[in-house]
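Secondary and tertiary structure notes
Below, each chain spelled out in residue letters.
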Amino acid sequence: MSDEHHSFATRVTHVSRPGIRSHGFVNGGVHRGSTVLYPSSEARQTLGAAGLDKHALTYGTSGGPTHFALEDAIAEVEGGTRCLIVGTGLAACAVPLMAYLKAGDHCLVPDSAYGPTRRLCDGLLAGWGIETTYYDPTIDAEGLRSLMRPNTRVLYTESPGSHTFELQDIPALAAVAHAQGAKVLMDNTWGIHHFQPFKHGVDVSIQALTKYVGGHSDVLLGSVVVNTEEDWTTVASAGRFMGHYASPDDCWLALRGLRTMAVRLKHQEAAGLEVARWFESRPEVLRVLHPALPSHPQHALFKRDFTGACSLFGVVFQPRYTRAQADALVDGLKLFGIGASWGGFESLALATTGFVTRTATSAEALGGPAVRFHIGLEDTADLIADLEAGMARLA
Ligand SMILES: *Cc1c(COP(=O)(O)O)cnc(C)c1O
């Protein structure tokens with residue numbers, strides 16, 4: 001077993017291992033199951049009532065040993081007490097929003113939120129009489145206070161923002177939300193363990209385990225971590241009401257990904273920074289959107305709140321280049337796939353400008369055509385050579 005004082009790499013190597021219970025094997029098994037058999041009718045009554053209790057085996061949808069192992073591991077990664085595993089990262093965004101909001105409520109969402117989260121708010125939630133206001137993610141406490149209404153129940157946050165990488169002053173914003181009785185939800189997919197949500201005032205932390213935890217672009221999963229029994233009851237019962245579930249095979253793959261995540265992240269953080277700094281040195285580039293670079297406008301928040309970075313960042317090219325020229329750069333890359341789901345072992349490039357929706361801020365304000373890069377486990381010299389050849393296609 002790992003202890004609190006152990007480093008992150010040690011903890012993800014040891015957390016949720018079965019010990020000698022799994023016939024002595026290092027890894028636990030995949031436990032598939034729908035029905036749970038009870039020894040007697042009386043036992044069925046007691047166990048059935050256990051419902052949301054930790055590790056209560058009542059029916060397949062409330063999870064089995066493989067789910068519980070992953071839940072405990074992710075709760076540990078984020079420093080919370082309980083974790084709900086759902087089938088996708090998007091479901092992990094949707095479940096808490098639906099759990100805390102009801103008809104007549106108001107929700108505040110950063111303009112830089114993951115696109116499908118925005119579609120959920122503008123679609124289903126709006127249809128159910130829940131109003132969303134999008135806010136500038138760099139808003140300060142004073143600005144947020146002026147947007148809060150008596151019926152504001154949720155302050156949704158995501159830091160850094162999808163595609164545009166703005167950082168949010170989570171503790172300051174959480175204090176404003178809590179003063180008015182609103183819950184603070186955060187999509188912490190970029191932060192992973194580098195941002196400890198519950199030390200910064202977050203009530204409910206969301207992650208797409210699809211990204212670095214899975215780590216191999218072969219699994220879709222989401223997690224919702226909370227830190228109080230009250231929040232657990234709210235979130236877990238909403239998930240169960242809607243029948244959310246994840247395959248134990250996928251949970252097993254995520255546990256397998258987790259074992260090597262510390263070393264992958266460490267490598268990818270350094271590789272991402274090396275490539276980001278190379279972009280910064282190029283005359284074709286207007287700016288690089290990477291919170292760990294001193295040039296990032298909210299770099300001070302990064303230094304205050306984060307212990308490290310992942311390998312996803314944006315590059316804004318000089319305004320003299322067109323979107324089509326940036327596309328030509330991307331289309332000819334040999335080592336970068338054109339694709340959305342980052343966090344795997346392979347490098348990716350994806351156009352930003354023209355593809356993201358902003359209403360409280362402006363994607364045009366970036367100043368030029370932008371591309372999001374994810375740096376994988378390839379050799380950085382090879383990646384940079386590929387990008388260098390791409391620069392010729394810009395012109
Ligand atoms: C990918 C992603 C999600 C959704 O994850 P899926 O498993 O693909 O549904 C949610 N939030 C952020 C920030 C993401 O990058």
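Within every chain, residues take consecutive numbers counted from 1 along the sequence as written. The predicted origin of the model limits local features to residues at a pLDDT of at least 70 and limits the giving and counting of side-chain atom pairs to 80 or more, whereas totals for whole chains, interfaces and linings rest on all residues. For side-chain calculations, the full set of non-hydrogen atoms in the structure is used, while hydrogens and water are omitted.

Heads up, the rule is: UniProt positions are given in the numbering used here, feature names are shortened, and annotations may be inferred rather than shown by experiment.
As recorded by an unreviewed UniProt entry, the protein carries the name Cystathionine beta-lyase and is attributed to Roseomonas haemaphysalidis. In UniProt, the protein has this text filed under Sequence similarities (unreviewed entry): "Belongs to the trans-sulfuration enzymes family." Looking at the protein in UniProt, the text filed under Pathway (unreviewed entry) is "Amino-acid biosynthesis; L-methionine biosynthesis via de novo pathway; L-homocysteine from L-cystathionine: step 1/1."

What to know about the environment of tyrosine 134
Where we set the bar: Numbering of helices and strands runs from the N terminus; a helix is a DSSP stretch of H or I covering at least four residues, while a strand is a stretch of E covering at least two. The criterion used for residue contact is that any of the two residues' heavy atoms lie within 4.5 Å. Whenever a nitrogen or oxygen atom comes within 3.5 Å of another N or O atom, the pair is scored as a polar contact, on the condition that within protein one atom can donate a hydrogen and the other can accept it, and that pairs from neighbouring residues in sequence are kept only if both atoms are in side chains.
Mapped onto the fold, tyrosine 134 is located in strand S3 (residues 131-135). When the C-alpha positions of tyrosine 134 and glycine 64 are compared, they lie 38 Å apart, and in sequence the two are 70 residues distant. With sequence-adjacent residues up to four places away left out, tyrosine 134 is seen in contact with Val109, Pro110, Asp111, Arg118, Cys121, Asp122, Thr359 and Ala360. A distance of 3.3 Å separates a polar atom in the side chain of tyrosine 134 from the backbone oxygen of arginine 118.

Some details on helix H9 (residues 248-259)
Definition in use: Multiply 1.5 Å by the residue count of a helix minus one, and that product is the helix's expected span. For every residue, the accessible area obtained with a 1.4 Å probe (protein chains only) is divided by the maximum for its type, and the residue is called buried under 20%, exposed over 50%, and partly exposed between those limits.
If you check H9, its first and last C-alpha atoms are 17 Å apart, about what twelve residues at 1.5 Å a residue would give, namely 16 Å. Every buried residue belonging to H9 is among Pro248, Cys251, Ala254, Leu255, Gly257, Leu258 and Arg259, and all of these are buried. Elements that come into contact with the buried residues of H9 comprise helix H1 (8-14), helix H3 (65-78), strand S1 (82-86) and helix H10 (261-280). At the N-terminal boundary of H9, the capping side chain belongs to serine 247, with an oxygen 3.1 Å from the backbone nitrogen of aspartate 249.

Topic: empty space enclosed by the protein
What counts, and what does not: Using protein atoms alone on a 1 Å grid, points that fit a 1.4 Å probe yet trap it form a cavity, whereas open point sets bounded by protein on both sides within 12 Å along at least five of seven lines form a pocket; residues with an atom within 4 Å of a point count as lining. Grid points are joined across faces, edges and corners, and a volume is the space filled by probe spheres set on the points. Under this grouping Gly is polar, as are all residues other than the nonpolar Ala, Val, Leu, Ile, Met, Phe, Trp, Tyr, Cys and Pro and the charged Asp, Glu, Lys and Arg.
Applying the stated criterion to the full structure yields three cavities of 30 Å³ or more. Of the voids in this model, the largest cavity is the one considered here, and its volume is about 90 Å³. Around the largest cavity, the lining residues are Thr61, Ser62, Gly63, His67, Glu71, Leu84, Ile85, Val86, Arg240, His244, Tyr245 and Ala246. When residues of the lining of the largest cavity are traced back to their parent elements, those giving at least two are H3 and S1. Broken down by element, the residue count for the lining of the largest cavity peaks at three residues, all from S1. Classifying every residue of the lining of the largest cavity by side-chain character gives five nonpolar, five polar and two charged. Considered as a void within the structure, the second largest cavity measures approximately 50 Å³ in volume.

Overview of the pairing of strand S11 (residues 348-351)
Quick note on the threshold: Whether two strands pair comes down to DSSP finding at least two bridges between them.
Bridge count for strand S10 (residues 337-338) against S11 is two bridges, and the pairing is parallel. What sits directly across from isoleucine 338, in S11, is alanine 349. Relative to strand S12 (residues 370-374), S11 is paired through four bridges, and the arrangement is antiparallel. Across the sheet, residue leucine 350 finds its bridge partner in S12, namely arginine 372.

Side note on the sheet that holds S10
What counts, and what does not: Orientation is described by lines fitted to C-alpha atoms, with helices fitted over the stretch in contact, and by angles between N-to-C directions that extend from 0 to 180 degrees.
Taken together, the five strands give an open sheet; going across it, the order is S8-S9-S12-S11-S10, and neighbouring strands pair in mixed fashion. Edge positions in the sheet fall to strand S8 (285-289) and S10, since each of these pairs with one other strand and no more. The pairing of S8 with strand S9 (residues 312-317) spans four bridges and is antiparallel. Residue pairing for S9: leucine 289 is matched across the bridge by glycine 314. Contacts from H10 reach S8, S9 and S12, with the element oriented near 5 degrees to S9. Along the sheet, helix H12 (residues 323-331) makes contact with S9, S10, S11 and S12, crossing S12 at roughly 20 degrees.

Here's the deal with the environment of arginine 240
Relative to the helices and strands, arginine 240 is located in helix H8 (residues 229-241). With residues up to four places along the chain from it excluded, the contact list for arginine 240 reads Gly51, Leu52, Thr61, Ser62 and Trp232.

Considerations on the side chain of histidine 296
Its location among the elements puts histidine 296 in the loop between S8 and helix H11 (299-305). Looking at histidine 296, its side chain comes within polar contact range of the main-chain oxygen of phenylalanine 165, at 2.7 Å. For histidine 296, the residues in contact, after removing those within four places along its chain, are Phe165, Glu166, Leu167, Leu289, His290 and Pro291.

Remarks on the layout of surface pockets
Approximately 750 Å³ is the volume attributed to the largest pocket. Taken together, 38 residues make up the lining of the largest pocket; nearest its centre are Tyr114, Gly115, Pro116, Ser162 and Arg372. Here the lining of the largest pocket takes five residues from helix H5 (residues 115-127), the largest share from any one element. Among the residues making up the lining of the largest pocket, the classes are represented as 18 nonpolar, twelve polar and eight charged. Of all the secondary structure elements, the ones that give two or more residues to the lining of the second largest pocket are H3 and H9. The element best represented in the lining of the second largest pocket is H3, accounting for five residues. Its residues placed into classes, the lining of the second largest pocket shows seven nonpolar, nine polar and five charged.

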